[in-house]
Amino acid sequence: SQILGGQRPPGSALDEQELAASYGVSRTPVREALRLLAAGGLVAHRPNRGAEVAAPPMADLRDMFQVMADLEGLCAGHASRAMSPAERAALATAHEAMSEIVRAGDSVAYAQANEKLHALIYAGSHNSYLVDITMQTRARLRPYRRAQFSTLGRLAASHAEHEAIVQAILRGDRLAAQRHMVEHILVVRDAFLRLAEGGEAEAAE
């Protein structure tokens with residue numbers, strides 16, 4: 001949860017002794033937890049450095065975002081045809097509630113509401129396998145997706161992108177819903193990459 005929530009950023013060390021002490025357990029369950037997280041791609045074991053939060057190369061992140069865009073596009077497309085009236089109403093309500101968050105400029109609350117909105121679209125696809133692989137990929141990218149909300153104007157832009165997606169779903173336009181969602185995720189990717197590249201440039205200076 002700390003990795004996915006950004007409290008332990010990519011590249012940060014995961015010391016077994018510190019983790020064991022903080023959770024009040026022995027190092028054995030900590031090692032097992034790190035092994036499972038490594039299997040899921042969230043933790044990397046480095047020679048002579050121990051475990052750390054995985055920090056994939058930029059090329060890998062680009063590939064992951066592209067797959068994420070394709071998967072979420074499929075979810076939105078299916079949701080446009082498969083959502084029940086109650087699910088459509090819940091989606092519209094969730095989207096509208098985010099307007100006030102944008103006006104308040106609350107990036108933390110927006111990130112949480114954003115998770116909920118996308119989850120409603122996944123569930124609305126009514127394809128359990130698609131939902132599973134989408135959620136797995138989203139979990140890998142969550143720390144990087146959240147970073148975008150720290151950029152100026154991104155909350156309002158994200159909400160406008162959601163508007164196009166939600167309206168396409170509500171009117172049952174499968175192709176438009178899929179297209180708008182793919183475009184949205186690729187904008188998220190580009191926002192993160194600009195932020196990351198800017199950080200690398202500052203570090204080099």
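Numbers given to residues run from 1 along each chain, matching the order in which its sequence is written. It should be noted that, the model being predicted, local features are given only for residues of pLDDT at least 70 and side-chain atom pairs only at 80 or more, the latter also being counted only at that level, while totals for whole chains, interfaces and linings use all residues. Water and hydrogen atoms play no part in the side-chain values, which are based on all heavy atoms of the structure.

Caption draft 1: Geometry of the confidence of the model for the chain. In this model, the chain carries an average pLDDT of 88, and 90% of its residues clear a pLDDT of 70 or more. In predicted models, pLDDT denotes the confidence assigned by the predictor to each residue on a 0 to 100 scale. For the purposes of this entry, the term helix denotes a DSSP run of H or I that reaches at least four residues, the term strand denotes a run of E that reaches at least two, and both are numbered from the N terminus. Confidence, expressed as mean pLDDT per element, reaches its minimum in the chain at helix α1 (residues 2–5) with 72 and its maximum at helix α5 (residues 85–104) with 97. We call two residues contacting when some pair of their heavy atoms lies within 4.5 Å. Low pLDDT (under 50) marks residues 199–205, which in the prediction has 1 contact with non-local residues, meaning those over four places away or in another chain.

Caption draft 2: Representation of the sheet that holds strand β3 (residues 50–53). A sheet is described by the order of its strands in space; here 3 strands give the open sequence β1-β3-β2, paired in antiparallel fashion. The strands lining the two open edges of the sheet, one partner per strand, are β1 (13–14) and β2 (43–46). In the sheet, β2 pairs with β3 via 4 bridges, with the strands oriented antiparallel. Residue pairing across strands places Arg-46 opposite Gly-50, the latter belonging to β3. Orientation is described by lines fitted to C-alpha atoms, with helices fitted over the stretch in contact, and by angles between N-to-C directions that extend from 0 to 180 degrees. Against the sheet, helix α3 (residues 27–39) makes contact with β1, β2 and β3, and its axis sits at roughly 105° relative to β2, the strand it touches most. Only strands that DSSP links by at least two bridges are regarded as paired with each other.

Caption draft 3: The nonpolar core, seen in detail. Phe-65, Leu-91, Ile-121, Leu-141 and Ile-169 are the most contacted members of the largest nonpolar core, which has 37 residues in total. Taken together, the elements giving at least two residues each to this core come down to α4 (58–82), α5, α6 (107–124), α7 (128–147), α8 (154–170) and α9 (174–204). Nine residue types can take part in a nonpolar core, namely buried Ala, Val, Leu, Ile, Met, Phe, Trp, Tyr and Cys, and a core is a set of them joined through side-chain atoms within 4.5 Å. Burial classes follow relative accessibility: with a 1.4 Å probe on protein chains only, a residue under 20% of its type's maximum area counts as buried, one over 50% as exposed, and anything between as partly exposed.

Caption draft 4: How the structure looks around empty space enclosed by the protein. Put simply, the grid is 1 Å and covers the protein atoms alone, a cavity is a trapped set of points that fit a 1.4 Å probe, a pocket is an open set with protein on both sides within 12 Å along at least five of seven lines, and lining residues have an atom within 4 Å of a point. Grid points are joined across faces, edges and corners, and a volume is the space filled by probe spheres set on the points. A complete count under the given rule lists 2 cavities of 30 Å³ or more for this structure. Taken as a whole, the largest cavity encloses approximately 60 Å³ of empty space. Every residue along the wall of the largest cavity is listed here: Ile-3, Pro-10, Gly-41, Leu-42, Val-53, Ala-54, Pro-56, Arg-140, Pro-143 and Tyr-144. Considering every element that reaches the lining of the largest cavity, the biggest residue donor is α7, with 3 residues. Here the term charged refers only to Asp, Glu, Lys and Arg, the term nonpolar to Ala, Val, Leu, Ile, Met, Phe, Trp, Tyr, Cys and Pro, and the term polar to all other amino acids, Gly among them. A breakdown of the residues in the lining of the largest cavity according to their chemical character gives 8 nonpolar, 1 polar and 1 charged.

Caption draft 5: Expanded view of the side chain of Arg-8. Its place among the elements puts Arg-8 in the loop between α1 and β1. Apart from the residues within four sequence positions on either side, Arg-8 is in contact with Gln-2, Ile-3, Ala-13, Leu-14, Glu-18, Leu-19 and Val-53.

Caption draft 6: A look at the environment of Arg-145. On the secondary structure map, Arg-145 appears in helix α7. Distance from Arg-145 to Ser-125, taken between C-alpha atoms, is 22 Å for residues 20 residues apart in sequence. The contacts of Arg-145, once residues within four sequence positions are left out, are Phe-65, Met-68, Glu-72, His-118, Tyr-122, Arg-138, Ile-185 and Val-188.

Caption draft 7: Main features of the side chain of His-184. Within the secondary structure, His-184 sits in helix α9. In this structure His-184 touches His-118, Arg-154, Ser-158, Glu-161, His-162 and Ile-165, once residues within four positions along its chain are discounted.

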